[in-house]
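Structural overview for review
Here's the letter readout for the chains.
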Amino acid sequence: LTNRQGHPVYDNQNQRTVGARGPATLENYQFLEKISHFDRERIPERVVHARGVTAYGYFEADGTVGDEPISTYTRAKLFQEKGKKTDVALRFSTVAGGRDSSEAVRDPRGFAVKFYTEDGNWDLVGNNLAVFFIRDAIKFPDFIHSQKPDPVTFEANVAERAFDFFSQTPEAMHMVSLVFSPRGLPASYRTMQGFGVNTYKWVNAEGETQLVKYHWLPKQGVKSSTPADGAAIQAGTLGFHTKDLYDAIERGDFPQWDLHVQLM
């Protein structure tokens, strides 16, 4: 038995006290670590993006942006060499629902890619819609609370809760129009776009900078469900999109996306 640093635990059953009947001291590292692990044996689900599925694959660079070599704009190693492959993990997710919620509901979808590069892990976090609800991060807890069920009745009350927030947040209108379009009901994870959402900065070898946004475009095409289709799917299974992705990979029908950048 070792502690978190790998050092042997010499006594896992007794802690030091001030005298035979005195209080326990806070220098009992084994006790504090044991209790901290005990407190965290049940990991609570995340507040957002609680339901998700991860697939593994690779990113293959083509070394260009349009007709120019990509080194014109960035020195990032994973992009430079045509044919260079970088291992990736891609997590798809719904946003508002809990871990056991339906995947067929109207909701944005998470599209987060982790690149395992020679310089360390690089996370490109995003979703399937190109914009976002807010600009000021201080509004984020309020926005998420507006999407969650009523804490008293546990009903969704979207018309009251969500639109109460949207009515006071005019910059959310663009995203709202997308969520309530067919894009809010993707037919599958394999047939939706992904966007970095945030604006990033590329830096080339000369130190010149370029603002970019990332766009993942599915080679499978972009497809959505109708509200009636979504309701029918949800009646049969809560994890339809996870199963669809798993089944496609199992039969060797590996989904692919092209990575595009918007230069500014």
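Description of the structure in this document. (Residues numbered from 1 in each chain as written. Predicted model: local features only at pLDDT ≥ 70, side-chain atom pairs only at ≥ 80, totals over all residues. Heavy atoms only, no water.)

**Structural notes on the pattern of salt bridges**
Taken as a whole and judged by the stated rule, the model has 13 salt bridges. Between Arg 42 and Glu 41 there is a salt bridge, and its shortest N-O distance comes to 3.9 Å. The shortest N-O distance in the salt bridge between Arg 190 and Asp 253 comes to 3.8 Å. Of the two residues, Arg 190 is situated in the loop between α5 (173–179) and β7 (194–195) and Asp 253 in the loop between α7 (240–250) and β10 (257–263); the sequence distance between them amounts to 63 residues. On the basis of relative accessibility, which here comes to 12%, the residue Arg 190 falls in the buried class. A cluster of three or more residues bridged by salt bridges with shared partners is formed by Arg 190, Asp 244, Arg 251 and Asp 253. (Salt bridge = Lys/Arg side-chain N within 4 Å of Asp/Glu carboxyl O. Helix = DSSP H or I, 4+ residues; strand = E, 2+ residues; numbered from the N terminus. Buried < 20%, exposed > 50% of the residue type's maximum accessible area, 1.4 Å probe, protein only.)

**Here we look at unusual backbone geometry**
A positive phi angle is found at His 49, which is not glycine, with a value near 55°. For His 49, a relative accessible area of 19% corresponds to the buried category. Here Val 197, not a glycine, exhibits a phi torsion of approximately 65°, which is positive. Here Val 197 shows up in the loop between β7 and β8 (200–203).

**Overview of the side chain of Thr 74**
With respect to the element layout, Thr 74 can be found in the loop between β3 (68–69) and α2 (77–80). A polar contact of 3.0 Å, which involves the side chain of Thr 74, links it to the backbone nitrogen of Ala 76. Setting aside residues no more than four positions away along its own chain, Thr 74 makes contact with Phe 79, Gln 80, Trp 202, Val 203 and Asn 204. (Polar contact = N/O pair within 3.5 Å; in protein donor to acceptor, adjacent residues only side chain to side chain. Contact = heavy atoms within 4.5 Å.)

**Quick word on the side chain of His 241**
Inspection of the secondary structure puts His 241 in helix α7. Looking at His 241, its side chain comes within polar contact range of the main-chain oxygen of Pro 186, at 3.3 Å. Sequence-distant contacts of His 241, that is, excluding residues within four places in its chain, are made with Glu 103, Arg 109, Pro 186, Ala 187, Ser 188 and Tyr 189.

**Some details on the packing of aromatic side chains**
Counting across every chain of the model gives 26 aromatic pairs. Ring centres of Phe 111 and Trp 257 lie 5.6 Å apart, and the angle between their planes is 80°; on these two criteria the pair is classed as edge-to-face. One end of the pair, Phe 111, is in strand β5 (residues 109–117); the other, Trp 257, is in strand β10, and 146 residues separate them in sequence. Here Trp 257 falls in the buried class, since its relative accessible area comes to 14%. With centroids separated by 4.2 Å and ring planes inclined at 35°, the aromatic side chains of Phe 133 and Phe 143 adopt a geometry described as tilted. Here Phe 143 lies in helix α3 (residues 140–147) and Phe 133 lies in the loop between β6 (120–124) and α3, a separation of 10 residues in the sequence. (Phe/Tyr/Trp six-rings, centres within 6.5 Å; stacked < 30°, edge-to-face > 60°.)

**Here we look at the sheet that holds β5**
In sheet architecture, strand pairing relies on hydrogen bonds along the backbone and comes in two forms, parallel and antiparallel. Pairing in this open sheet of 4 strands is antiparallel, and the strands run β1-β4-β5-β6 from one edge to the other. Lying at the two open borders of the sheet, with one neighbouring strand each, are β1 (52–60) and β6. Pairs of neighbouring strands in the sheet enclose a mean axial angle of 20°, with direction left out of account. The strands that α7 touches are β1, β4 (85–94) and β5; relative to β1, the one it contacts most, it runs at about 40°. (Pairing = 2+ DSSP bridges. Axes fitted to C-alpha atoms, helices over the stretch in contact; angles between N-to-C directions.)

**Here we look at empty space enclosed by the protein**
With the rule as written, the count across this model stands at 2 cavities of 30 Å³ or more. Counted as a void, the largest cavity has a volume near 70 Å³. In terms of lining, the largest cavity is formed by Asn 128, Leu 129, Arg 183, Pro 186, Thr 191, Met 192, Gln 193, Val 222, Lys 223 and Ser 224. Residues of the lining of the largest cavity, tallied by class, amount to 4 nonpolar, 4 polar and 2 charged. Volume-wise, the second largest cavity comes out at about 30 Å³. Taken together, Ala 104, Leu 185, Pro 186, Ser 225, Gly 230, Ile 233 and His 241 make up the lining of the second largest cavity. Residue composition of the lining of the second largest cavity, by class: 4 nonpolar, 3 polar and no charged. (1 Å grid on protein atoms, 1.4 Å probe; cavity = no way out; pocket = protein on both sides within 12 Å on 5 of 7 lines; lining within 4 Å. Points joined across faces, edges and corners; volume = space filled by probe spheres on them. Nonpolar A, V, L, I, M, F, W, Y, C, P; charged D, E, K, R; others polar.)

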